[in-house]
Amino acid sequence: MQRNHIDIWVLVVVLALMVLSLGVVYSASAEWAYKRFENPSHYFNLHVIKVLIGFIALYVGLRVPYTIYKPFTKPVLLIACIFLVVTLVLGGEVKGAVRWIRLGGLGFQPSELAKYALLFHLASLIATKKDLVRDWKVGFLPMLVWISIVVVLILLQPNLSTAVVTMILGSLLMFIGGVRIVHLVLAGLTALPVIVGYLILEPYRLERIRLYLYGVSNGKTNYQLMQGILAFGNGGVFGVGIGESRQRDLFLPESYNDFVYSIIGEEYGFVGAMLVLLAFAFILFRGYRIAKHAKDDFGRYLAYGITNAIVLYALVNASVAVGLFPTTGLPMPFISYGGSALLMTSFATGVLLNISAYTDLRPRVSKTADGYNMHEQQEGVGKVY
Amino acid sequence: MKEFEPHHRQKLRIFSIIVVFCVLFLAISTRLFIYQIVDAEKYKQLARKQYEKKFILPAVRGCIYDRNGNVLVSNTQFISFAADPKIVGDKATLVAEAFAQVFQKPSSVYLEKLQKDPSKRFVWLERHVHPSVVQRFDPEKIKGVVVINEPRRLYHYDDIASTLIGMTDIDNRGIAGLELQYNSVLHGVDGSIVMQRDGAGRIRPSADYPRIDPVNGCDIVLTIDITYQSIVDEELKRGVEFYQADAGVALMLNPKTGELLALSTYPRVNPNELGDVDVAMLRNRAITDIFEPGSVYKIVTAAAAYEHKLVNPMDRFYAEKGKMRIQANGRDLRVITDTHPSEWLSFQEAMEISSNIVFVKVSKLIGSERFYRMARDFGFGMQTGIDLPGEVRGILRKPNEWSPITLQSMSYGYEVGTTPLQIACAYAALANNGILMKPYVVAEVRSPQGDIVQSQGPFPIRKVVSPSTVELLTRALEGVVERGTAKLVHLGNVRIAGKTGTSKKWVEGRYVESTYTASFVGFFPIEDPQIVCLVMLDNPKTPVYYGGATSGPIFRAIAERVVSTSYKFSKSVVIHSRNEIRSRVVPDVRMLTIPIAKKLLASYGLEPTIYGTGTLIMRQSPEPGTILHQGDAVSLILEQNASVHKGLVEVPHVCGMSLRRALNRLVLDDFEVKIHGTGKVISQTPNGGEIVKVGSRVMLYCEQHSIDRKKQTIASRE
């Protein structure tokens with residue numbers, strides 16, 4: 001296959017977000033880090049390492065031709081599932097949920113790996129089965145089984161939000177892949193009692209939903225959300241300035257993670273918050289453009305899946321910060337503090353860019369005796385050497 | 001249902017996903033727009049509120065001094081215990097037990113406070129306790145409990161003058177008496193400091209807002225003399241208890257200036273020991289309670305009669321043998337009786353034995369209009385204007401509202417309502433040659449630096465009667481004490497003029513038998529009146545309830561002690577005592593040599609006891625003018641190097657002493673003291689060691705900053 005230029009603007013936007021994340025995470029975490037470790041740069045130092053690892057992951061994803069992954073999607077997904085099981089058995093507890101396993105010095109969240117492994121495998125399945133995806137038994141059921149396994153394992157951690165989002169991402173990919181809507185609705189109806197039962201099992205989950213609904217109907221909100229909203233309001237149109245956030249002064253819990261968007265809103269104002277939102281909108285459209293022009297079906301569905309994952313996470317995170325959704329613990333891609341998510345998202349972005357390199361969107365410029373000439377490489381036009 | 005082409009179907013599906021994403025993007029943007037642009041101000045305000053915490057820097061409340069510079073009220077630091085129930089949490093039982101042990105209360109009291117309302121973040125556990133209490137706690141046991149410094153008023157003389165001074169509530173705001181009336185002056189202006197606060201409640205000073213320093217309250221200097229006040233308070237208490245009265249009022253004025261020298265009520269409270277105070281106990285009966293004065297009001301009738309030259313002291317009236325019917329329109333309206341039935345009485349005698357019948361007859365000569373004008377001129381029916389809270393006007397109806405017998409009733413003190421202070425002021429006008437003075441109690445307001453901010457002096461209201469009338473009235477009132485209803489008041493060494501009053505109490509629309517208000521009001525010494533004093537008892541229950549038999553002796557006891565404690569009276573006393581062989585008043589033997597003093601004391605029937613060495617007597621105890629029994633001892637204190645003549649005295653060295661000590665030292669030698677500033681005395685004029693006349697003025701210059709102004713600490717809750 002012809003390898004052309006990657007979609008450089010997606011790369012620029014992603015790198016810009018990652019650089020922004022350095023500033024925001026430092027500002028948002030310094031007080032908390034000082035309180036907990038007496039070192040204001042505790043979280044920042046770790047974050048820098050993670051961002052650097054993210055760069056490497058992105059580069060690796062970008063360099064390795066995506067077609068290589070196709071035969072390995074199933075074994076990798078199996079390994080991811082085993083990791084999930086291992087985590088359930090051995091993992092360390094963070095805030096009451098078992099989500100981590102320790103690899104070397106850094107914790108690792110297998111759910112992040114599993115999420116992308118699932119999307120890779122679904123892309124592979126859809127690409128292989130083509131029109132057979134419309135068949136319940138041959139096409140739909142295997143995909144449903146994989147989604148169910150991963151979602152249930154994540155639910156057991158317990159991590160409702162990630163499970164739900166993973167389920168939505170899988171369903172979206174199947175939806176784009178052409179499965180029957182009837183099948184999706186049926187599967188959804190089956191999942192519903194499971195989710196409801198899950199909510200009832202632990203009172204705090206219902207309480208959170210109740211608080212959210214109560215807040216929606218009464219204009220009242222929980223402490224964390226209120227502090228987040230105060231941050232937005234305090235930022236105003238242009239923000240209070242870089243590193244000038246006041247809400248991070250131990251008012252806003254998780255200010256460097258789940259509520260990082262509030263700090264962006266405070267320090268960079270409405271303008272900054274909108275720019276970040278527009279960056280993800282840009283990624284959505286460019287990602288879908290890459291998918292549309294992808295050289296093969298595997299690349300196409302992979303691009304759709306990855307774009308969906310990035311944009312959906314960003315939207316859910318922002319929606320939580322502005323109080324549209326109940327408070328959950330989903331990070332904002334590229335910006336939030338957090339290793340596994342950043343690593344996997346960076347790698348996936350690399351893969352997305354790699355897919356873009358095999359489209360005809362930005363043809364490679366060849367060198368001629370006269371200098372540089374650009375040659376349109378559209379279908380029907382002969383290749384020039 | 002039509003099947004789409006696979007490619008077309010995918011396009012449609014992707015389009016629908018994009019639509020959903022776009023809706024979300026739009027929803028988020030809308031929220032951002034609302035939070036960051038539309039409602040931004042509201043949230044900014046809310047946010048600022050939680051970043052900034054305002055701490056009040058309380059102003060130090062001003063002190064209260066008496067006329068001689070004695071501190072009556074100052075401040076002291078107490079501590080209060082408070083807790084955050086959330087922080088104390090499950091250790092509540094432990095904390096409650098620790099408190100129960102220290103304060104000797106059941107632990108349930110504290111436990112309830114800590115657990116009553118879990119959402120509350122601040123509860124008081126104990127307030128205003130002595131700072132040393134904190135040492136009785138094991139700090140380990142009361143974690144989460146905050147100790148807060150709180151200023152509290154310190155009333156140096158406990159219940160003495162408490163009615164007058166009033167008190168502050170637990171937050172140091174005046175709620176009664178002068179503390180209320182002068183609250184804004186005493187309180188000063190609280191300052192504040194804005195601190196930056198973070199989510200964990202940690203604070204640091206804010207650079208954005210300036211620190212506003214508190215402006216401390218001003219001191220006030222009263223016209224009260226604490227010596228007289230103590231005497232009045234003590235004697236009234238003794239009298240109320242002895243005569244089993246429900247309550248009593250006594251007050252003392254300087255007739256020449258209107259200065260209030262003492263004011264006392266009983267029962268009264270000790271402002272230093274406040275439990276549950278009955279608010280009614282805090283009222284100042286001398287200005288808030290109206291009573292029908294009875295015979296003490298005859299002064300108005302007599303004044304009108306003399307002033308309009310209707311009656312001479314020797315004019316004789318038929319007293320109807322103690323019983324007279326008042327008729328109007330041919331009907332019997334009332335029978336007037338006299339306590340001492342007589343036939344013919346001169347007006348002077350009628351005054352002395354307080355004949356109601358004669359006064360009713362005289363009132364007919366005066367007529368309603370002239371009587372009313374005289375009563376009004378004495379200040380009845382309107383506020384005296386004293387600077388105390390809650391003063392009432394009393395009741396004095398206009399003649400056109402009078403019934404046919406109102407004039408007759410008023411002539412001996414019924415159908416009018418007066419306050420004790422109004423009566424005292426009316427007598428003070430007589431003692432001041434007929435000029436009514438406005439009574440006042442605060443002489444000066446001084447800034448914390450000692451500068452006089454505001455001062456109040458004598459303020460004449462009007463001339464009520466002419467000097468000739470004053471002379472006649474004084475003679476009549478002296479007769480009351482010498483020969484009349486107030487013979488018990490008579491003192492050997494000082495001439496007293498006064499009048500008794502006994503009135504039936506008007507309770508719920510009718511006069512109640514055997515419930516009386518007994519009063520005595522008078523002034524002395526007659527030659528040059530210095531003191532007007534009123535004593536009133538509410539419902540004395542001893543068999544003899546007359547004013548002359550109950551309030552009179554209390555007045556006498558007060559007068560006796562007042563005369564004996566001050567050099568000011570001793571001159572007139574000495575002059576007077578020469579004619580009064582019966583008295584055993586201590587003579588002034590200061591600056592005399594020992595043999596002469598011994599001889600002098602022996603002639604008075606007193607025994608000298610000598611302390612120290614030397615030739616001249618420097619001090620004596622008791623003071624001159626004190627009344628002793630025959631054979632009592634008088635201590636004479638000698639000073640070796642005394643080089644002074646009689647009537648001269650050496651100014652003591654008081655530099656470096658505290659103001660209070662210096663004052664006590666100087667007052668001992670009858671110096672008149674003028675003070676500039678507060679705190680330690682840094683210089684004096686004349687200097688110590690100089691020889692000056694007795695009673696000379698000594699100026700004291702003190703440090704500008706005050707003793708009681710301790711640096712305020714911010715009660716941080718961290």
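Residues numbered from 1 in each chain as written. Chains lettered and ligands numbered in written order. Predicted model: local features only at pLDDT ≥ 70, side-chain atom pairs only at ≥ 80, totals over all residues. Heavy atoms only, no water.

Participant: I keep staring at the overall build of chain B and nothing clicks. Help me out?
Facilitator: Helix and strand counts for chain B stand at 21 helices and 31 strands. Out of the 718 residues belonging to chain B, those deemed buried represent 54%. Sequence-distant contacts in chain B: of pairs separated by 6 or more residues, those separated by 24 or more amount to 70%. Accessible area for chain B stands at about 32900 Å²; split by element, carbon and sulfur atoms hold 53% of it. (Helix = DSSP H or I, 4+ residues; strand = E, 2+ residues; numbered from the N terminus. Buried < 20%, exposed > 50% of the residue type's maximum accessible area, 1.4 Å probe, protein only. Contact = heavy atoms within 4.5 Å. Areas by Shrake-Rupley, 256 points an atom, 1.4 Å probe, with all protein chains shown as cover.)

Participant: I keep staring at the overall build of chain A and nothing clicks. Help me out?
Facilitator: Along chain A, the regular secondary structure elements total 12 helices and five strands. Every one of the 385 residues in chain A was classed for burial, and the buried ones make up 54%. Looking at chain A as shown, the accessible area adds up to about 16500 Å², and 67% of this sits on carbon and sulfur atoms.

Participant: I tried to follow empty space enclosed by the protein on my own but got confused; where do I start?
Facilitator: In this approach a probe as big as a water molecule rolls over the atoms, and the regions it shows empty are the leftover space. All names here are of chain B. Applying the stated criterion to the full structure yields four cavities of 30 Å³ or more. Here the largest cavity defines a volume of roughly 60 Å³. A class-by-class count of the residues in the lining of the largest cavity yields five nonpolar, three polar and one charged. Residue assignment places the lining of the largest cavity across two domains, with domain 2 (55-222) and domain 3 (226-568) each supplying three or more. (1 Å grid on protein atoms, 1.4 Å probe; cavity = no way out; pocket = protein on both sides within 12 Å on 5 of 7 lines; lining within 4 Å. Points joined across faces, edges and corners; volume = space filled by probe spheres on them. Nonpolar A, V, L, I, M, F, W, Y, C, P; charged D, E, K, R; others polar. Domains from an automatic or database assignment.)

Participant: So what exactly am I meant to see when it comes to unusual backbone geometry here?
Facilitator: Only a minority of non-glycine residues have a phi that is not negative, and only a minority of peptide bonds are not trans. Residue and element names in this part refer to chain B. Cis peptide bonds are those with omega within 30 degrees of zero, and the linkage from tyrosine 266 to proline 267 qualifies with 5°. Turning to its location among the elements, proline 267 is positioned in the loop between β12 (260-266) and α10 (285-288). Note that the residue after phenylalanine 524, namely proline 525, is joined by a cis bond; omega there is -15°. The residue proline 525 is located in the loop between β22 (510-524) and β23 (531-538) in this model. Here glutamine 244, not a glycine, exhibits a phi torsion of approximately 50°, which is positive.

Participant: Would you take a moment to explain the nonpolar core for this structure?
Facilitator: Side chains of nonpolar character tend, in soluble globular proteins, to be buried together. Of all hydrophobic cores here, the largest spans 129 residues; its most connected members are Tyr261(A), Phe280(A), Tyr288(A), Phe21(B), Ile28(B) and Leu32(B). Setting aside residues up to four positions removed in sequence, Ile28(B) forms contacts with Tyr261(A), Leu277(A), Leu315(A), Ala318(A), Ser319(A), Val322(A) and Leu324(A). Residues Ile220(B), Tyr243(B), Ala476(B) and Phe520(B) belong to the second largest nonpolar core, which totals 119 residues. (Core = buried A, V, L, I, M, F, W, Y, C linked by side-chain atoms within 4.5 Å.)

Participant: Explanation requested: the sheet that holds strand β31 (residues 697-702) of chain B in the structure shown.
Facilitator: Strand pairing in a sheet relies on backbone hydrogen bonds, with the paired strands running either antiparallel or parallel. Residues and elements named next belong to chain B. Read from one edge to the other, the open sheet built from three strands follows the order β28-β31-β29, with strand pairing classed as mixed. For this open sheet the edge positions go to β28 (672-676) and β29 (681-685), each flanked by a neighbour on one side alone. When the angles between neighbouring strand axes are averaged without regard to direction, this sheet yields 25°. Taken together, the four bridges between β29 and β31 define a ladder with antiparallel strand orientation. Looking at the pairing, threonine 685 lines up with methionine 699 of β31. (Pairing = 2+ DSSP bridges. Axes fitted to C-alpha atoms, helices over the stretch in contact; angles between N-to-C directions.)

Participant: I would appreciate a short explanation of the packing of aromatic side chains in the present structure.
Facilitator: Two aromatic rings are characterised by how far apart their centres lie and by the angle between their planes. Overall, the coordinates contain 29 aromatic pairs over all chains when judged by the stated rule. Ring centres of Phe280(A) and Phe334(A) lie 6.4 Å apart, and the angle between their planes is 15°; on these two criteria the pair is classed as stacked. Here Phe280(A), found in helix α10 (residues 260-292), pairs with Phe334(A), found in the loop between α11 (297-321) and α12 (339-357); they are 54 residues apart in sequence, far enough to count as distant. Phe334(A) carries the same exposure label as Phe280(A), and that label is buried. Aromatic side chains Phe81(B) and Phe99(B) sit 5.2 Å apart centroid to centroid with 90° between the ring planes, which places their arrangement in the edge-to-face category. (Phe/Tyr/Trp six-rings, centres within 6.5 Å; stacked < 30°, edge-to-face > 60°.)

Participant: Please clarify how helix α20 (residues 594-603) of chain B should be interpreted in this entry.
Facilitator: Owing to its 3.6 residues per turn, the α-helix brings residues three or four apart onto one side. All names here are of chain B. Three or more residues of α20 are buried, namely Ile594, Ala597 and Leu601. On an axial view of α20, the arc spanned by its buried residues comes to 60°, and they lie on one face. Opposite the packed face of α20, turned more than 90 degrees from it, sit the exposed residues Pro595, Lys599, Ala602 and Ser603. Remark: glycine 605 follows α20 within two positions and exhibits a positive phi of approximately 75°. (Arc of directions from axis to C-beta.)

Participant: Would you take a moment to explain the pairing of strand β15 (residues 331-337) of chain B for this structure?
Facilitator: The side chains of a regular strand alternate, residue by residue, between the two faces of the sheet. Residues and elements named next belong to chain B. When strand β14 (residues 323-328) meets β15, the two strands line up antiparallel, connected through six bridges. Each bridged residue has a counterpart across the sheet, and for lysine 323 the counterpart in β15 is threonine 337. Joining the antiparallel neighbours β14 and β15 is a turn of two residues, in which asparagine 329 adopts a positive phi near 55°.

Participant: Is there a simple way to think about the interface of chain B and chain A in this case?
Facilitator: Taken together, the contact pairs 36 residues of chain B with 52 residues of chain A. For the pairing of chain B and chain A, the buried interface totals around 3900 Å² over both sides, and the portion due to carbon and sulfur atoms is 68%. For the chain B face of the interface with chain A, the top three residues by lost area are Arg13(B), Phe25(B) and Gln36(B), together amounting to 18%. There are zero salt bridges connecting chain B and chain A. Counting the contacts that link chain B with chain A gives 11 residue pairs in polar contact (both at pLDDT 80 or more). Secondary structure elements with two or more residues in the side of chain B that touches chain A: α1 (6-38), α2 (40-51) and β8 (191-197) of chain B. With 21 residues, α1(B) is the single largest residue contributor to the side of chain B that touches chain A. For the side of chain B that touches chain A, the per-class residue count stands at 20 nonpolar, seven polar and nine charged. (Buried area = accessible area lost by both parts, 1.4 Å probe. Salt bridge = Lys/Arg side-chain N within 4 Å of Asp/Glu carboxyl O. Polar contact = N/O pair within 3.5 Å; in protein donor to acceptor, adjacent residues only side chain to side chain.)

Participant: Honestly, helix α4 (residues 110-129) of chain A in this entry has me stumped. Any pointers?
Facilitator: Residue and element names in this part refer to chain A. If you check α4, its first and last C-alpha atoms are 28 Å apart, about what 20 residues at 1.5 Å a residue would give, namely 28 Å. With respect to burial, α4 is a largely interior element, 19 of its 20 residues being buried. Phi turns positive one or two residues past the end of α4, at lysine 130, with a value near 45°. (Expected span 1.5 Å × (residues − 1).)

Participant: Help me understand the confidence of the model for chain A, please; the structure alone is not making it clear to me.
Facilitator: Fine structural detail should not be taken from predicted coordinates in areas where pLDDT scores are low. Summarising the model, chain A shows a mean pLDDT of 83, and 87% of its residues fall at 70 or more. Across residues 375-385 of chain A, where pLDDT falls below 50, the model places eight contacts with residues more than four positions away in sequence or in other chains. (pLDDT = per-residue confidence, 0-100.)

Participant: Could you clarify how one ought to interpret the environment of Asn308(A) in this entry?
Facilitator: Along the chain, Asn308(A) falls in helix α11. Apart from the residues lying within four places of it in its own chain, the contact partners of Asn308(A) are Leu169(A), Leu172(A), Ile176(A), Tyr288(A), Tyr313(A) and Phe21(B).

Participant: When you look at the packing of α4(A) against α12(A) in this model, what are you seeing that I'm missing?
Facilitator: Two quantities define a packed helix pair, namely the angle between the axes and the distance from one axis to the other. All names here are of chain A. Two elements in contact, α4 and α12, have axes separated by 9 Å at closest approach and are oriented at 25°. Accordingly, the angle class assigned to the pair α4 and α12 is roughly parallel. Between α4, through Glu112, Leu113, Tyr116 and Phe120, and α12, the contact on the second element is made entirely by Ser340, Ala341, Met344, Thr345, Phe347, Ala348 and Val351. The class makeup of the residues in the contact of α4 with α12 is eight nonpolar, two polar and one charged. (Parallel < 35°, antiparallel > 145°, perpendicular 65-115°, else oblique.)

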